[in-house]
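# Chain and residue survey
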Amino acid sequence: MRKLKEFTIPFVGLKQGKHQFEYDIDNKFFEHFDYDEFNSADIKVDLLLEKKSTMMELTFKASGTVNVYCDLTNEPYNQPIESELLLVIKFGQEYNDDNEDILILPHGEYEVNIQQYIYEMLVLAVPSKRVHPGVLDGTLKSDVLEKLDELSPREKETKTEEDIDPRWNKLKNLLNDK
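Attention here is on the structure that accompanies the text. Bear in mind that the values here come from a model prediction, so they are computed numbers and not experimental data.

### Examining the nonpolar core
Ranked by size, the top nonpolar core spans 38 residues in total, and within it Ile25, Phe30, Ile43, Phe60, Ile114 and Ile118 carry the most contacts. If you list the elements that add at least two residues to this core, you get strand S2 (17-25), helix H1 (27-32), strand S3 (40-51), strand S4 (55-69), strand S5 (76-92), strand S6 (102-106) and helix H2 (115-125). Contacts of Phe30, omitting those with residues within four sequence positions, involve Ile25, Tyr35, Phe38, Ala41, Ile43, Tyr119, Leu122 and Val123.

### So, a nonpolar patch on the surface
A cluster of nonpolar side chains, Trp168, Leu171 and Leu174, forms an exposed patch at the surface whose accessible area comes to about 360 Å². With respect to the helices and strands, the residue Leu174 is situated in helix H5 (residues 166-176).

### Overview of the environment of Asn96
Note on placement: Asn96 falls in the loop between S5 and S6. Since its relative accessible area comes to 28%, Asn96 is described here as partly exposed. Considering only alpha carbons, one finds Asn96 and Pro106, 10 residues apart in sequence, at a separation of 8.5 Å. In this structure the side chain of Asn96 is engaged in a polar contact, spanning 2.8 Å, whose partner is the backbone nitrogen of Asp98.

### Topic: unusual backbone geometry
Here Asp34, not a glycine, exhibits a phi torsion of approximately 55 degrees, which is positive. Position of Asp34 among the secondary structure elements: in the loop between H1 and S3.

### Details of the sheet that holds S2
Pairing is mixed across the open sheet formed by five strands, whose spatial order is S2-S3-S4-S5-S6. The sheet is open, and its two edges are formed by S2 and S6, each paired on a single side. On average, each strand axis in the sheet is inclined to that of its neighbour by 20 degrees, with strand direction left out of account. In terms of strand pairing, S4 meets S5 through 15 bridges, oriented antiparallel. Following the sheet pairing, Ser63 is matched in S5 by Glu82. Relative to S5, H2 is tilted by about 140 degrees, and along the sheet it contacts S2, S3, S4, S5 and S6.

Rules behind the numbers
- Residues numbered from 1 in each chain as written.
- Predicted model: local features only at pLDDT ≥ 70, side-chain atom pairs only at ≥ 80, totals over all residues.
- Heavy atoms only, no water.
- Core = buried A, V, L, I, M, F, W, Y, C linked by side-chain atoms within 4.5 Å.
- Buried < 20%, exposed > 50% of the residue type's maximum accessible area, 1.4 Å probe, protein only.
- Helix = DSSP H or I, 4+ residues; strand = E, 2+ residues; numbered from the N terminus.
- Contact = heavy atoms within 4.5 Å.
- Patch = residues over 30% accessible without salt bridge, like charges linked within 9 Å, V, L, I, M, F, W, Y side chains within 5 Å.
- Areas by Shrake-Rupley, 256 points an atom, 1.4 Å probe, with all protein chains shown as cover.
- Salt bridge = Lys/Arg side-chain N within 4 Å of Asp/Glu carboxyl O.
- Polar contact = N/O pair within 3.5 Å; in protein donor to acceptor, adjacent residues only side chain to side chain.
- Pairing = 2+ DSSP bridges.
- Axes fitted to C-alpha atoms, helices over the stretch in contact; angles between N-to-C directions.

The structure is reproduced here in structure tokens:
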């Protein structure tokens, strides 16, 4: 996958200490990953990079909204999302990203691309079951909701002994006569 230039941080020229980066994420970012479950996206990602002598700590904080379809009614709505991610970058013999919290870069690397971490953080921030807020509070009027309500199972009315046809009582006696 091609790396997006704006998400590559050349850390070799940065002094030790804290450095702030900001990213505005929209649909073009998700199109790069061929992810089409969002109708639109308006997310702000703040990245705090703390460079130390032997490692770096990256703290991602994302907030914003994505427009998605409701799983019940298929109505589009804006889903607010909030997410945080802590990533530790260390240096070693070879590249290793097996651990989701630690990235090991080879000695001599001078930059790191963070687009995959931002993508995963944002996709996982959206709830797996997407329900329109109008469904939860009852304000959404939709044909789909009315049909779901019409087809939903109701409590069965229990028949009393009086409602049962007397002919069945004779058949029940057959079961009891052994």
